[in-house]
Amino acid sequence: MGSSHLIKNQIAKSVRSNGSASSGSEENADDFLGCTNIPLNEFPIVGYDTWFKLEPRSSTSKVQGECHLILKLFTSQRDTALSKSDSNVSIHKKLLSQIIEYEHAHREPYNWNGRVCPPAWTVLTHHAVQTDLSPLQQAVIRWQCYSSHHRTQRVCYSLLLRLLRTVDAEWDPTAVRGDLVDSFRLYTEHCLCLMKNMRQVFPCTSAAAITRYELMLRTCVSSLNRDAKMLALTGFHNWFKSSIHKWLQIVHDRSGDRIRKAVETDTLEPVQQAKHSSSAVEVATCFGQVREIWLQLAWPDSAGAFIFVTRLTDVSAAFRIDTEKKVERNQLGRDHKSFTLCIALNNTEHVRVFLGQLPRDLDWQGVERAMEESCGAEGKEQVYKALNGQLFNVDLDLQREAKRLITLLTDKMLPELRRYIQHISLSPDSINNDDAVSPLMKYLQDTMVILTENLVKENLTKVLQSMWELLLRMILDAVAENRGVQVEFYNRFQYTVETLLQFLHAKGEGLSLEDMKSGDYKVLDEELRLNKCPSFELIEQYYLEKISQQKTLKHTRYGRISVKCYYDAPEQRLTVEMLHAADIIALDANGLSDPFVIVELCPHHLFPMAKSQRTQVKLKTLHPVFDELFSFHVSPEQYRHRFACLTFTVMDYDWLSTNDFAGEAVAPLSDFCWPGRPNASAAGKSVQPVILHLSRSKPSGTYRPPKALMLDARIGDKEAQEFVRRLKEIEKSMEEE
């Protein structure tokens, strides 16, 4: 076929109104718009599917535009004996096999990329087009020929992997034949034979051999994304299960040995610019290498990652135990300025953060999804609890170790901190607050510089929080040992606490105010506030607490009383009807009591003219009926206070010894005297009685309320001592029982 043979295509435009040209009319002849000429000797085997530029017939023609053509070559005749006896696929496979044998003989064994010479490629392409082989058929034939050639010759595994991916890209399940399945089976069997002789075929001393081995594994275990069952490659990972288990056991044992050795040889000195030492680097590197191998293995069974994580987190426990022993040996005779504890603390945090990345790195969510697909929501929850539980326990162990190290660090500061707190406590009132607190703040500033230089941010925050809690407890102890002193003493410690608060907060760069103003801070703040209060305020708050506690009492075992109270506003008179009591506790040897009730207005400094009144004694009963009336003068200025109340103290009368305390109850005056209350009207006498449950907690001794302790310490305060005396009388009567 010469170059003069052309495919000519002419484009014309009909000018007739009905759209068809008439050969007999010159006026209605079609207009020439352009043509394109394609030489046959330039026609590609795969055909054309492109746009061609329109050309004029002469230099005077005006032509523009392009024409889209799709051209293909077909053949329908077979004139050879081979083509009549074999299929097109079989013939193409034989052609390619012969070409591969020839081409590979003139190439380096593992370096050949599979490309053939241009003439061979032309023959193969012509035959594929003439026999109308699909892209999938061509991809499958190439895989079959090259993988078959691999059984006798050394082939580049990246080539085989590329051929597999080409088959996958062209995949059509309806076009798969049984010989493709056989080719996969033969290939994997041959790869298994090579693995059995791995030391000879893939020597570990050769980096290139190891790379070839990894590529062979990938081609061996990789399967097509679509219809993998048809290729008989499902479950292939089960062949390696026992080997993976052995590998994990070896990893577990050797990693443990590696970590122990790293900790033993660690001098607990920072490495380069980091704040942790060599053992933390070694541990993270060890885990990282194992994790990287696992990821490269690409284990198809997602649930198999559980075994890996279990083994890996077991190893981390060895790091914690070995670090603990190492620190104990290194801390003998040293103080916190040796930095050993800081480095050990940073090591723990470094490993803890690394392990915290395992769920992301090992795709735990993928494991959960896989279990959910196979076992439902129950399987997903089981895996979630197992994996996270394992990691949680390791993380908890590391946090405990960090807490232990922080305690060691702060304990070494105790003598200095105690000395400075004592200095503040013993400073005379003539020294201003800044001078008293200055030594403590100077020590803390120096310590802060050391800690900042040697601790990572997370650990610095934890150590500062521990220091803050330690200082609060020490100040609390100092205040508890100095109750009843001058108000200036408590003001000074209030100033100390506020100074420490601002120092450790560091304008938002340190601890958060929300975290600092909780726990012991609230207790200390309340302690300082109350110690600065006058005695009468403490007594008032004592009764406020009693009123609050009374409202929560229900069905106590100490019995109850029934009273009726009503207020005559014009006369400013409060009337109390003591009706009866029930279920009083037995305080006599006969199993009964001789009860009577003391009725008082409290606190006494609010009602200085009101005297206590008492009922008659009811002998030998636990359910006395009194039916007695008592009157008290109460002004509006008195009953308007929230702490103003009636107290009912039930006592057991003894002839020969001190009366025994049986229980008490309180009732706020606001329940009876406030305008608008039914008890404060003319119909007050007809209101229903009030049931008050009795309480019988010890008012002093071990159980003495903080306010009572503060009042007891105020030896020179007459009002405080009188109040405490009453509480001690009740305590004494309870002890004599």
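Here's a quick rundown of the structure. Throughout this document, residue positions are counted from 1 along each chain, in the order its sequence is written. At least 70 in pLDDT is required for a residue's local features to be given in this predicted model, at least 80 for side-chain atom pairs to be given and counted, and no such filter applies to totals for whole chains, interfaces and linings, which use all residues. Hydrogens and waters are ignored; side-chain quantities use all the structure's heavy atoms.

Every patch collects residues that have over 30% relative accessible area and no salt bridge, joining them within 9 Å if they carry like charges and within 5 Å if they are nonpolar side chains (Val, Leu, Ile, Met, Phe, Trp, Tyr). The Shrake-Rupley method, run with a 1.4 Å probe sphere, supplies the accessible areas, and residue values consider only the shown protein chains as cover. We define a salt bridge as a contact between a side-chain nitrogen of Lys or Arg and a carboxyl oxygen of Asp or Glu at a distance within 4 Å. Residues Leu619, Trp655 and Leu656 make up a contiguous nonpolar surface patch of about 470 Å² in total accessible area. Looking at the element boundaries, Leu619 is found in the loop between strand S8 (613–614) and strand S9 (625–633). Segments assigned H or I by DSSP are reported as helices when at least four residues long, segments assigned E as strands when at least two residues long, and all are numbered from the N terminus.

The next subject is the nonpolar core. Residues belong to a common nonpolar core when they are buried Ala, Val, Leu, Ile, Met, Phe, Trp, Tyr or Cys residues joined through side-chain atoms within 4.5 Å. Using a 1.4 Å probe on the protein chains alone, a residue whose accessible area is under 20% of its type maximum counts as buried, one over 50% counts as exposed, and one in between counts as partly exposed. Residues Trp143, Tyr146, Tyr157, Leu160, Met216 and Leu355 are the most contacted members of the largest nonpolar core, which totals 63 residues. Working rule for contacts: check all heavy atoms of both residues, and any pair within 4.5 Å makes them a contact. Once you skip the residues sitting within four places of it in the chain, Tyr146 turns out to touch Ile100, Trp112, Gly114, Val116, Val155, Leu159, Leu160 and Leu163. In this structure, Leu341, Cys342, Leu455 and Leu476 belong to the second largest nonpolar core, which totals 48 residues.

This brings us to the environment of Gly716. Note that Gly716 resides in the loop between helix H24 (706–713) and helix H25 (718–735). Of the residues examined, Gly716 reaches a relative accessible area of 84% and is grouped as exposed. Taking the C-alpha atoms as reference points, Gly716 and Gly484, separated by 232 residues in sequence, lie 8.9 Å from one another.

For the rest of this paragraph, the subject is the packing of aromatic side chains. Aromatic rings from Phe, Tyr and Trp, taking only the six-membered ring of Trp, are treated as a pair when their centres fall within 6.5 Å; an angle between ring planes under 30 degrees marks them as stacked, one over 60 as edge-to-face, and anything in between as tilted. One pass over the structure, following the stated rule, counts 15 aromatic pairs. With 5.3 Å between their ring centres and 90° between their planes, Tyr48 and Phe52 make a pair best called edge-to-face. The buried category is assigned to Phe52, whose relative accessible area is 14%. Sitting above the plane of the Tyr420 ring, Arg419 keeps its charged end 4.7 Å from the centroid. We count a charge as sitting over a ring when the NZ of a lysine or the CZ of an arginine lies within 6 Å of the ring centre and within 35 degrees of the ring normal.

What follows deals with the layout of surface pockets. The gaps of empty space that remain are located by a probe, the size of a water molecule, rolled over the atoms. Using only the protein atoms, space was sampled on a 1 Å grid; points where a 1.4 Å probe fits but cannot get out form cavities, open sets with protein on both sides within 12 Å along at least five of seven lines form pockets, and lining residues are those with an atom within 4 Å of a point. Grid points are joined across faces, edges and corners, and a volume is the space filled by probe spheres set on the points. If you add up the space inside the largest pocket, you get close to 1200 Å³. In terms of lining residues, the largest pocket is bounded by 27 residues, among which Met198, Tyr213, Leu217, Ile293 and Leu297 are the most central. Of all elements in the fold, only helix H7 (198–201), helix H8 (207–221), helix H9 (241–265) and helix H10 (278–297) reach the threshold of two or more residues within the lining of the largest pocket. Sorting elements by how many residues they give to the lining of the largest pocket places H8 first, with seven residues. A class-by-class count of the residues in the lining of the largest pocket yields 21 nonpolar, three polar and three charged. Of the volumes computed, that of the second largest pocket is approximately 560 Å³. Taken together, 26 residues line the second largest pocket, and the ones lying closest to its centre are Glu600, Thr649, Arg726, Glu729 and Ile730. Of all the secondary-structure elements, those providing two or more residues to the lining of the second largest pocket are helix H21 (535–552), strand S7 (595–602), S8, strand S10 (645–652), strand S11 (660–668) and H25. Put simply, Ala, Val, Leu, Ile, Met, Phe, Trp, Tyr, Cys and Pro go in the nonpolar bin, Asp, Glu, Lys and Arg in the charged bin, and everything else, Gly too, in the polar bin.

Strand order in the open sheet made by the four strands is S8-S7-S10-S11, with antiparallel pairing throughout. Lying at the two open borders of the sheet, with one neighbouring strand each, are S8 and S11. In this sheet, S11 lies alongside S10 in antiparallel orientation, the contact comprising eight bridges. Bridging across to S11, Cys645 finds its partner in Pro668. Only the stretch in contact is used when fitting a helix axis, every axis being a line fitted to C-alpha atoms; angles between N-to-C directions are given from 0 to 180 degrees. The strands that H21 touches are S7, S10 and S11; relative to S11, the one it contacts most, it runs at about 90°. Only when DSSP finds a minimum of two bridges between them are two strands counted as paired.

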